[in-house]
Amino acid sequence: MSTVNTSQNANLIIFVNSLIYFLLAYFFVILLNNLFSILLALPMGFDATLYFYGFDLTLKEGTVWTKENIFVIYLLGPSITLFSGIIFEFWYKKRRRHLSKRKLFLLWVYVISYTWFFGNLIVGSLFYFGIGVALGEMQASLFLKLLLALLSFIFLLYLGFRSQKNVVISANCYYHKISGLKIGGFFSRQIILPALAGMLFVALYRTPYLGAWGYYDSFVLFLVVLFAIGLLFRFGRLKSLMFKRRTDHFSFSLGPLVLLLAIVALLRIGLASGLPIHL
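Since we're looking at a predicted model, the values are computed, not measured.

Caption draft 1: Inspection of the packing of helix H5 (residues 142-162) against helix H9 (residues 224-232) at higher detail. The interhelical angle for the contact between H5 and H9, taken along N-to-C directions, is 50°, at an axis separation of 6 Å. Viewed along their axes, H5 and H9 adopt a mutual orientation that is oblique. By crossing handedness, the relation of H5 to H9 is classed as right-handed. In this structure, H5 contributes Phe153, Leu156, Leu157, Leu159, Gly160 and Phe161 to the contact, and H9 contributes Leu226, Phe227, Ile229, Gly230 and Leu231.

Caption draft 2: Layout of the environment of Phe243. Structurally, the position occupied by Phe243 is in the loop between strand E5 (241-242) and strand E6 (250-252). The buried category is assigned to Phe243, whose relative accessible area is 12%. Residues Phe243 and Lys182 lie 61 residues apart in sequence; the distance between their C-alpha atoms is 15 Å.

Caption draft 3: Seen up close, unusual backbone geometry. Here the amide bond leading from Thr207 into Pro208 is cis, since omega sits at 10°, within 30 degrees of zero. Positionally, Pro208 belongs in the loop between helix H7 (183-205) and helix H8 (216-222). Unusually for a residue other than glycine, Arg234 sits at a positive phi of about 55°. Along the chain, Arg234 falls in the loop between H9 and E5. Given the relative accessible area of 54%, Arg234 is considered exposed.

Caption draft 4: Molecular detail of the side chain of Lys145. As for its position among the elements, Lys145 is in helix H5. No salt bridge is formed by the buried Lys145. Its closest oppositely charged neighbour is Glu137, at 9.7 Å. Residues contacting Lys145, with those up to four places away along its chain left out, are Ser125, Leu135, Gly136 and Ala140.

Caption draft 5: Broad picture of the packing of helix H1 (residues 10-41) against H7. Closest axis-to-axis distance for the H1/H7 pair is 8 Å, and the angle between their directions is 50°. As the angle between them shows, H1 and H7 are arranged oblique. In the crossing of H1 with H7, the sense of the turn from one axis to the other is right-handed. For the pair H1 and H7, contact is made by Asn11, Ile14, Phe15, Ser18, Leu19, Phe22, Leu23, Tyr26 and Phe27 and by Phe186, Arg189, Gln190, Leu193, Pro194, Ala195, Ala197, Gly198, Met199, Phe201, Val202 and Tyr205, respectively.

Caption draft 6: Fine view of the packing of aromatic side chains. Evaluated as defined, the whole model comprises 30 aromatic pairs. With a centroid separation of 5.0 Å and an interplanar angle of 85°, the aromatic rings of Phe117 and Phe118 are classed as edge-to-face. Residue Phe117 is classed as buried on the basis of its relative accessible area of 9%. Put simply, the rings of Tyr26, Phe27, Tyr51, Phe52, Tyr53, Phe201, Tyr205, Tyr209 and Trp213 pair up and form one aromatic cluster.

Caption draft 7: Here's a closer look at the environment of Leu181. Within the secondary structure, Leu181 sits in the loop between strand E4 (177-178) and H7. For the pair Leu181 and Gly236, spaced 55 residues apart in the sequence, the C-alpha separation amounts to 7.6 Å.

Caption draft 8: Summary view of the sheet that holds strand E2 (residues 46-51). Taken in spatial order, the three strands make up an open sheet running E3-E2-E7, and their pairing is antiparallel. A strand with exactly one partner marks an edge of an open sheet, and here the two such strands are strand E3 (54-59) and strand E7 (275-277). Taken pair by pair, the neighbouring strands of this sheet meet at an average axis angle of 25°, ignoring direction. Sheet topology note: the E2/E7 ladder contains three bridges and is antiparallel. From the neighbouring strand, Ala48 faces E7, where its bridge partner is Ile277.

Caption draft 9: Looking closely at helix H2 (residues 67-95). With 29 residues, H2 extends 42 Å from end C-alpha to end C-alpha; this agrees with the ideal 42 Å at 1.5 Å per step. Most pronounced at Leu76, the bend in H2 amounts to some 25°, and the proline Pro78 follows within four residues.

Caption draft 10: Expanded view of the environment of Val167. Within the secondary structure, Val167 sits in helix H6 (residues 164-169). When its relative accessible area of 0% is taken as the criterion, Val167 is described as buried. Separated by 23 residues in the primary sequence, Val167 and Gln190 place their C-alpha atoms 7.9 Å from one another.

Caption draft 11: Seen up close, the confidence of the model for the protein chain. Summarising the model, the protein chain shows a mean pLDDT of 92, and 97% of its residues fall at 70 or more. Confidence over residues 1-5 falls short of pLDDT 50; this stretch has 18 contacts with residues more than four positions distant or in other chains.

Caption draft 12: The arrangement of the pairing of E3 in detail. For E2 and E3, the ladder comprises six bridges, and the chain directions are antiparallel. Bridge pairing links Phe46 to Leu59 in E3.

Cut-off values and rules
- Residues numbered from 1 in each chain as written.
- Predicted model: local features only at pLDDT ≥ 70, side-chain atom pairs only at ≥ 80, totals over all residues.
- Heavy atoms only, no water.
- Axes fitted to C-alpha atoms, helices over the stretch in contact; angles between N-to-C directions.
- Helix = DSSP H or I, 4+ residues; strand = E, 2+ residues; numbered from the N terminus.
- Parallel < 35°, antiparallel > 145°, perpendicular 65-115°, else oblique.
- Left-handed = near helix turned anticlockwise from the far one by under 90°.
- Contact = heavy atoms within 4.5 Å.
- Buried < 20%, exposed > 50% of the residue type's maximum accessible area, 1.4 Å probe, protein only.
- Lys, Arg positive; Asp, Glu negative; His and termini not counted.
- Salt bridge = Lys/Arg side-chain N within 4 Å of Asp/Glu carboxyl O.
- Phe/Tyr/Trp six-rings, centres within 6.5 Å; stacked < 30°, edge-to-face > 60°.
- Pairing = 2+ DSSP bridges.
- Expected span 1.5 Å × (residues − 1).
- Bend = angle between axes of the 7 residues up to and from the residue.
- pLDDT = per-residue confidence, 0-100.

Now the structure itself:
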């Protein structure tokens, strides 16, 4: 861990550290979603191939697509991210007053998990993708699809608003006190800018397969901006906070950075040609 105590570098340190944890959380959530979906598909007569940009399912001889396996794979599969969002939000709330920056991983996992599930509902209600495949096979009405999309849209905005305290308290990673006037800038460095930079990194990482699923999965991740918008709603009402830390302290998280680079290299190289998974 490299320590820097000058306020001149504080903004960069906050941004870079949050970006690192955003990407670690992204890979965790996506792998969780993909592996759980594959796990559900295997007993139903499918073989799977896991890539660094997603997964493919192939039918075994004698197996056909049915409404049942479509429902299980495309609706229950992504539902794991709803549960990871609930679990990691609860976990973060238990750990948020600790001074360690590792809790930022918990914060980002719950944000990205909720975004992935409710973003799938939004995109799937409008297009034949992910949960939308299940909705299509269930012959869901256009009204129901639009209602699900609207409710999911509102929830992600509300999630950001509801998470204001969670994000403000994460300032204790660096500050002994954060004034109300600095909260907006901190939100930008801790959440908004890392999310935008993280999405750009993911797009470059997935090249040239970014459009493998019609760019729909990229749009799902992009909906994290709804969380950011909700986070900024009436943030001026938030008050100054004092933390346990005696002085301001800024340090780069080199250990998590090394871990991230290792994961990126392992997935990009190891899964470039696909990993066959079958029973």
